[in-house]
Amino acid sequence: MRVSLIGFMGTGKSIVGKLLAPELGVGYLDTDQLIEEREGRSIPEIFDREGEDYFRELETEVLTEILHNREHFVLSTGGGIVLASKNRRLLKSGTFPVLLEAAPTVIYNRIKGDQHRPLLNVEDPLQEIRQLLTVRHQYYHEFKYALDTGNRSPEEIVDLIQEKLKEEGLINEQ
Ligand code: S3P
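Keep in mind that what you see is a predicted model, and the values were worked out from it rather than measured. Residue indices begin from 1 for each chain and proceed along its sequence in written order. At least 70 in pLDDT is required for a residue's local features to be given in this predicted model, at least 80 for side-chain atom pairs to be given and counted, and no such filter applies to totals for whole chains, interfaces and linings, which use all residues. Water and hydrogen atoms were dropped before computing side-chain values, which therefore reflect all heavy atoms in the structure.

Enquirer: Just to check I follow, could you spell out the pattern of salt bridges for this structure?
Expert: Side chains carrying opposite charge are able to pair once their charged atoms draw close together. By definition here, a salt bridge exists when the distance from a side-chain nitrogen of Lys or Arg to a carboxyl oxygen of Asp or Glu is within 4 Å. All chains considered together, the criterion is met by 12 salt bridges. Measuring nitrogen to oxygen at the nearest pair gives 3.8 Å for the salt bridge that ties Glu45 to Arg49. In this pair, Glu45 and Arg49 both sit in helix 3 (residues 43–50), 4 residues apart, roughly one turn of the helix. Exposed residues in this analysis have more than 50% of their type's maximum accessible area, buried residues have under 20%, and partly exposed residues fall in between, with area computed by a 1.4 Å probe over protein chains only. A residue is classified by how much of its surface remains accessible, and Arg49, at 57% relative accessible area, is exposed. Via salt bridges that share partners, Arg38, Glu61 and Glu65 belong to a single interconnected network. Under the DSSP-based scheme used, a helix requires at least four consecutive residues in state H or I and a strand at least two consecutive residues in state E, with every element numbered from the N terminus.

So, in structure tokens, the structure goes:
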């Protein structure tokens with residue numbers, strides 16, 4: 001059982017992932033967390049010192065290693081993981097991908113004041129969210145199973161994902 005959660009920053013990937021993993025009886029993984037552990041420094045520090053390209057390379061390395069080494073997991077991914085075609089291919093072929101979505105204003109309200117996201121550390125974060133979403137839209141939408149988290153609780157999202165996994169025959173009906 002390998003489920004990946006994909007989507008823009010602030011769409012609820014981590015909170016949903018942490019709830020879903022124990023429901024499925026599998027471990028929870030998070031690409032950002034694994035990158036920080038490997039580097040021994042935070043994401044903002046990595047962006048600041050090494051730049052985004054370096055971070056993107058780490059993202060692909062970490063994803064490749066997870067798929068190589070782990071059999072069962074729920075994986076929360078960084079919002080920009082979809083930018084590399086290799087990552088999109090790996091996620092589609094190696095996991096059951098779930099796209100989480102939310103409107104720009106919902107995202108903005110969830111992440112405002114959070115200093116942990118270097119890409120949104122700009123003068124007009126809402127405008128930046130809109131712009132990044134426009135660029136990434138085509139990549140996110142390569143993932144066909146999508147859930148809007150805007151007016152659903154994390155628990156509701158977890159239930160919907162479990163229903164879908166049953167439908168797909170990936171977990172047993174109870
Ligand atoms: C990024 C999203 C972040 C993190 C990094 C870049 C992005 O992860 O990987 O700041 O490009 O959208 P979350 O989506 O978990 O915030």
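Enquirer: How do you make sense of the packing of helix 2 (residues 31–39) against helix 4 (residues 52–69) when you look at a structure like this?
Expert: Helix packing for two helices is described by the angle between their axes and how far apart those axes are. Running from N to C, helix 2 and helix 4 cross one another at 105 degrees; their axes reach a closest spacing of 10 Å. As judged from the angle between their axes, helix 2 and helix 4 are roughly perpendicular. Touching Thr31, Asp32, Leu34, Ile35, Arg38 and Glu39 of helix 2 are Tyr54, Phe55, Leu58, Glu59, Glu61, Val62, Glu65 and Ile66, all from helix 4. Among the residues forming the contact of helix 2 with helix 4, the class breakdown is 7 nonpolar, 1 polar and 6 charged. Lines fitted to C-alpha atoms define the axes here, with helix axes fitted over just the stretch in contact, and angles between the N-to-C directions of these axes take values from 0 to 180 degrees. Here is the rule for angles: anything less than 35 degrees is roughly parallel, anything more than 145 is roughly antiparallel, 65 through 115 is roughly perpendicular, and the remaining ranges are oblique. In what follows, a contact means two residues having at least one pair of non-hydrogen atoms within 4.5 Å. Gly is put with the polar residues, along with every residue not named as nonpolar or charged; the nonpolar set is Ala, Val, Leu, Ile, Met, Phe, Trp, Tyr, Cys and Pro, and the charged set is Asp, Glu, Lys and Arg.

Enquirer: I tried to follow the layout of surface pockets on my own but got confused; where do I start?
Expert: Unfilled space is identified by rolling a water-sized probe across the atoms. The distinction between a cavity and a pocket rests on a 1 Å grid over the protein atoms alone: a 1.4 Å probe fits inside a cavity but cannot get out, while a pocket stays open yet meets protein on both sides within 12 Å along at least five of seven lines, and a residue with an atom within 4 Å of a point counts as lining. Grid points are joined across faces, edges and corners, and a volume is the space filled by probe spheres set on the points. For the largest pocket, the calculated volume is near 620 Å³. Together, 35 residues line the largest pocket, and Met9, Gly10, Lys13, Asp32 and Arg117 are the ones closest to its centre. Where the lining of the largest pocket is concerned, the elements lending two or more residues are helix 1 (13–24), helix 2, helix 3, helix 4, helix 6 (104–111) and helix 8 (154–167). Here the lining of the largest pocket takes 4 residues from helix 1, the largest share from any one element. Estimates place the volume of the second largest pocket at around 170 Å³. If you trace the second largest pocket, you find 13 residues lining it, with Glu101, Ala102, Leu133, His137 and His141 closest to the centre. Listing elements by their share of the lining of the second largest pocket, those giving two or more residues are strand 4 (96–101) and helix 7 (125–140). Split by residue class, the lining of the second largest pocket holds 7 nonpolar, 4 polar and 2 charged.

Enquirer: Got a minute to help me understand helix 2 in this structure?
Expert: Owing to its 3.6 residues per turn, the α-helix brings residues three or four apart onto one side. By the criterion applied in these results, polar contacts are pairs of N or O atoms within 3.5 Å in which, for protein atoms, one can donate a hydrogen and the other can accept it, and in which residues neighboring in sequence qualify only through two side-chain atoms. The opening residue of helix 2 is Asp30, an N-cap whose side-chain oxygen sits 2.9 Å from the backbone nitrogen of Asp32. Looking one or two residues beyond helix 2, the residue adopting positive phi is Gly40, at roughly 65 degrees.

So, to be careful, I would describe these as geometric facts and stop short of saying anything about function.
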